[in-house]
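# Structural overview
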Number of protein chains: 2
Amino acid sequence: MAKSKWSNTPISNYDNLAKAIKKDARSREVTYLLLSLGKSCLTFLSELDKRELNSRVSNKEYFSFVYNNAQISRAVNKELFQEDQRIIKKFLMAVDSNGLKSLTSTEINKACYTLTISFACVIDLINRGDKKTPATYFEYLVIHLLTHTLKTDVASRVAVKVDETEEISLTLDLVLDLGEQKPKYHIAIKNSTRERGSEFWAHQRILENAYPSEEERFIGIFIGLAETKLDHRKYEVVEICVPNQWRIYQKYISKIWRIYYLDPPDAYIQLNNKSPKIIVKQFGEFFFETDKLI
Amino acid sequence: MAKSKWSNTPISNYDNLAKAIKKDARSREVTYLLLSLGKSCLTFLSELDKRELNSRVSNKEYFSFVYNNAQISRAVNKELFQEDQRIIKKFLMAVDSNGLKSLTSTEINKACYTLTISFACVIDLINRGDKKTPATYFEYLVIHLLTHTLKTDVASRVAVKVDETEEISLTLDLVLDLGEQKPKYHIAIKNSTRERGSEFWAHQRILENAYPSEEERFIGIFIGLAETKLDHRKYEVVEICVPNQWRIYQKYISKIWRIYYLDPPDAYIQLNNKSPKIIVKQFGEFFFETDKLI
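Each chain has its residues counted from 1, running along the sequence as written. Chains and ligands are labelled by the order in which they are written, letters from A for the one and numbers from 1 for the other. Given that the model is predicted, a residue must reach a pLDDT of at least 70 before its local features are reported, and side-chain atom pairs must reach 80 or more before they are shown or counted; all residues, however, enter totals for whole chains, interfaces and linings. As a convention, hydrogens and water are excluded, and side-chain values are obtained from all of the structure's heavy atoms.

To continue, consider helix α7 (residues 243-252) of chain A. Classification of residues uses two cut-offs on accessible area relative to the type maximum, computed with a 1.4 Å probe and protein chains only: under 20% is buried, over 50% is exposed, and between them is partly exposed. Every helix listed is a DSSP run of H or I at least four residues long, and every strand listed is a run of E at least two residues long, numbered separately from the N terminus. α7(A) sits mainly inside the fold: seven of its ten residues count as buried. All of the buried residues along α7(A) are Gln245(A), Trp246(A), Arg247(A), Ile248(A), Tyr249(A), Gln250(A) and Tyr252(A).

Before going further, it helps to spend a moment on the sheet that holds strand β10 (residues 228-231) of chain A. Residue and element names in this part refer to chain A. Pairs of strands are assigned from DSSP output, requiring at least two bridges between the strands. In spatial order, the strands read β2-β11-β10; together these three strands make up an open sheet with mixed pairing. Every other strand in the sheet has two partners, leaving β2 (54-55) and β10 as the edge strands with one partner each. The sheet contact formed by β2 and strand β11 (residues 236-239) spans two bridges and is parallel. Residue Ser55 lies in a different strand from β11, and its bridge partner there is Val237.

Let us look at the sheet that holds strand β10 (residues 228-231) of chain B. Neighbouring strands of a sheet are bound in pairs by backbone hydrogen bonds; such pairs are parallel or else antiparallel. Residues and elements named next belong to chain B. Spatially, β2-β11-β10 is the arrangement adopted by the three strands of the open sheet, whose pairing is mixed. This sheet does not close on itself; its edge strands, each paired only once, are β2 (54-55) and β10. Across four bridges, the pairing between β10 and strand β11 (residues 236-239) is antiparallel. Bridging across to β11, Asp231 finds its partner in Glu236.

The superposition of copies rests on a least-squares fit of C-alpha positions from residues with pLDDT of 70 or more in both. Note on the copies: chain A fits chain B at an RMSD of 0.0 Å, the axial shift is 0.0 Å, and the rotation between them is 180°. Accordingly, the operation relating the two chain copies is best matched by a two-fold axis. Any two residues having at least one pair of non-hydrogen atoms within 4.5 Å are treated as being in contact. Looking at the interface residues of chain A, 100% of them are also at the interface in chain B, so both copies use one shared face.

Time to look at the confidence of the model for chain A. You can read pLDDT as the predictor saying how much it trusts each residue, on a scale of 0 to 100. Looking at chain A, the pLDDT average stands at 94 and 99% of residues meet or exceed 70. Quick note on the complex model: pTM equals 0.91, ipTM equals 0.88.

This paragraph deals with the interface of chain A and chain B. Tallying the contact residues gives 29 residues for chain A and 29 residues for chain B. Two parts placed together each lose some accessible area under a 1.4 Å probe, and the buried area is that loss summed for both. Interface of chain A and chain B: buried area, both sides summed, is about 2500 Å²; carbon and sulfur atoms make up 57% of it. Each salt bridge in this description consists of a side-chain nitrogen of Lys or Arg and a carboxyl oxygen of Asp or Glu lying within 4 Å of one another. Linking chain A to chain B there are two salt bridges. One salt bridge connects Arg247(A) with Glu166(B), and the closest N-O pair in it is separated by 2.7 Å. Pairs of N or O atoms within 3.5 Å make up the polar contacts considered here, provided that, within protein, one atom can donate a hydrogen while the other can accept it, and that residues adjacent in sequence are counted only when both atoms are side-chain atoms. Linking chain A with chain B are twelve residue pairs in polar contact (both at pLDDT 80 or more). Broken down by secondary-structure element, the contributors of at least two residues to the side of chain A that touches chain B are β6 (154-161), β7 (167-177), α6 (198-210) and α7 of chain A. Per-element tally for the side of chain A that touches chain B: the top contributor is α6(A), with eight residues. Considered class by class, the residues forming the side of chain A that touches chain B number twelve nonpolar, eight polar and nine charged. Just so you know the grouping, Ala, Val, Leu, Ile, Met, Phe, Trp, Tyr, Cys and Pro go in nonpolar, Asp, Glu, Lys and Arg go in charged, and all remaining residues, Gly too, go in polar.

So, about the packing of aromatic side chains. By convention, a stacked pair of Phe, Tyr or Trp rings (six-membered ring in the case of Trp) has centres within 6.5 Å and planes under 30 degrees apart, an edge-to-face pair has planes over 60 apart, and any other such pair is tilted. Scanning the model with the defined rule gives 41 aromatic pairs over all chains in all. Relative to Phe119(B), the ring of Tyr14(B) has its centre 5.4 Å away and its plane inclined at 40°; by these criteria the two rings are tilted. Placement of Tyr14(B) in helix α1 (residues 14-23) and of Phe119(B) in helix α4 (residues 105-126) is noted, with a sequence separation of 105 residues between them. Using a relative accessible area of 8% as the deciding quantity, one classes Tyr14(B) as buried. Measuring from ring centre to ring centre gives 5.8 Å for Phe222(B) and Tyr261(B), while their planes differ by 55°; the resulting arrangement is tilted. Taken as a pair, Phe222(B) in strand β9 (residues 218-224) and Tyr261(B) in strand β12 (residues 258-261) lie far apart in primary sequence, 39 residues in all. Accessibility classification places Phe222(B) together with Tyr261(B) in one group, the buried group. Of the aromatic side chains, those joined through ring pairs into one cluster are Phe200(A), Trp201(A), Phe222(A), Trp246(A), Tyr249(A), Tyr261(A) and Tyr268(A).

Okay, unusual backbone geometry next. The residue after Ser275(A), namely Pro276(A), is reached through a cis peptide bond having omega -10°. Along the chain, the position of Pro276(A) falls in the loop between α8 (266-269) and β13 (280-282). Positioned with a positive phi, Tyr235(A) is a non-glycine residue whose angle comes to about 55°. Looking at the element boundaries, Tyr235(A) is found in the loop between β10 and β11. Phi at Asn68(B) takes a positive value of approximately 50°, unusual for a residue other than glycine. Looking at where Asn68(B) falls in the secondary structure, it is placed in the loop between β3 (62-67) and β4 (71-72).

Residue and element names in this part refer to chain B. Taken across its six residues, β3 has five buried, putting it largely inside the fold. With four bridges connecting them, strand β1 (residues 49-52) and β3 associate as antiparallel partners. When the sheet's bridge partners are listed, Lys50 is paired in β3 with Phe65. As paired strands, β3 and strand β5 (residues 76-77) are joined by two bridges and run antiparallel to one another. Counted as the bridge partner of Phe63 is Val76 from β5. For β3 and β4, the ladder comprises two bridges, and the chain directions are antiparallel. Bridging across to β4, Tyr67 finds its partner in Gln71. Adjacent in sequence and paired antiparallel, β3 and β4 are bridged by three residues, among which Asn68 carries a positive phi angle near 50°.

Here we come to helix α1 (residues 14-23) of chain A. Residues and elements named next belong to chain A. Listing the buried residues of α1 in full gives Tyr14, Leu17, Ala18, Ala20 and Ile21. Down the axis of α1, the smallest arc covering the buried residues is 165°, so these residues share one side. Away from the buried face of α1 by more than 90 degrees, exposed residues Lys22 and Lys23 are located. Packed against the buried residues of α1 are α2 (28-46), α4 (105-126) and α5 (132-150). When we speak of the arc, we mean the arc of directions from the helix axis to the C-beta atoms.

What follows concerns the environment of Met93(A). Residues and elements named next belong to chain A. Secondary-structure assignment places Met93 in helix α3 (residues 85-96). Sequence-wise, Met93 and Leu35 are 58 residues apart; in three dimensions their C-alpha atoms are separated by 9.0 Å. Apart from the residues lying within four places of it in its own chain, the contact partners of Met93 are Tyr32 and Leu35.

Residue and element names in this part refer to chain A. The tally for this structure, following the rule as stated, stands at 36 salt bridges over all chains. For the salt bridge of Glu239 with Lys60, the shortest nitrogen-to-oxygen distance reads 2.8 Å. On the criterion of sequence distance, the pair formed by Glu239 in strand β11 and Lys60 in the loop between β2 and β3 (62-67) is long-range, its members being 179 residues apart. When salt bridges that share partners are traced, they join Glu52, Glu61 and Lys78 into one network.

Quick look at the environment of Pro264(B) now. With respect to the element layout, Pro264(B) can be found in the loop between β12 and α8 (266-269). Aside from chain neighbours lying at most four places away, what touches Pro264(B) is Lys60(B), Glu239(B), Ile269(B) and Gln282(B).

Right under this line is the structure:
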């Protein structure tokens, strides 16, 4: 067996997670690998210093982990991050026993935030500049939670007709098909959108046009981590949001059913009260809306 | 006056170009600043070694410039790049005298490629990792050529209604309004699209829906440099293209009138023969199609 790139790091189990996801995304093996990775990331981070950040985001405070007195991690939301490992354990045990509804949506959200941000911070510190691994880990976490909760498998490609005789695969982050007589889900999973949000509405538009009938339609859901940006020189955190562009997308490109964030920007939460309506919530609430989905 | 970041570099005139573009994008001052920058970039590069690259792109050969025996520039197409400074001079003098049609489309294309890639290579070597400055320079060059040729001014924002009472500005690379009874142009200008091409079709879709009438409609044009990617370890060049995704966009999102490249990928040129039809040409041909535009 080839030696893992991550041997002797806090995420030595990451390759096993990738394999387990590919084998069966909703398996118990994945739940336990997420727990083991979460614990080892939190253990690693618990030994590091924290640096307070100058938050330009109203009502939110952030810090970074500091490694070797030099490198600093991305910004971590103080209220959402839980260093007590019992929180992620309680959450993943509830996943395992199909008992998520015994937790509050805020508890679920904090546990998911902690799992995602602690993994991302470890990568920031041990493999600087690597954006892809944290993004893929977040996809794995969400894919596991959604397939496990909705009891369905994964399909990441959808065939789309380009002319009478030819079909082409459209590449999407995640597609869930809940079966006959039930809707299908088109789900984008991103650490942040920055100014690239239009892609998700464009993909949803393609699905709306390629599968217009009520029986075949896809419901669009976006799941994001945060929109924070850290200025490494000034130690300053801002949120990069384009709420007005999103309103244009929702009116003129396609209709997105829900947008969930682990650390939802207030500028996007405000869209709930504007037209056209865009429903933005913290991710934890997803698990209390699944009845509407099935 | 604040000292320019680029003082004592081959692009010391860059800030003046930015100012001149903002003042009057189609002015003679801009033509001459482009010439002076082009000459100083070519002079700087002419003293450097070149390294042959292993081209995985059929029928195209590439090299990189090498600086201080260590840093290498992005890939340069051998056939398109013209180190003889008379080529860019002839081109820009033809711009100045409104005599572009005395050149062939290939001459124009090579001159534009040389101006763009030489500036980008200088940035690669003196300010490694800076993607924004070469992208902005390419926008300036294209904006100058288009406004000068079409004798029009620039507008980069379009107002779009989101409800009965509210209008929002949609941010676009370039909008040209040729005046009453004439079409308007929505133009995207990118060094490369990679997998982000859907944004342009999405913006075009918004314009098609927000301005549906024949008198108000926008014609969509995409202008790109190249889709090459250099592997810095293997010295290998590939082209990253997603022609089948583009066919889906053209069928289901919106209709793009033309796509021009300075170094057009063959995978995109092939789209001219497929359905739905997407017309892809070398940028030099734009100047011989302007009658169709006006």
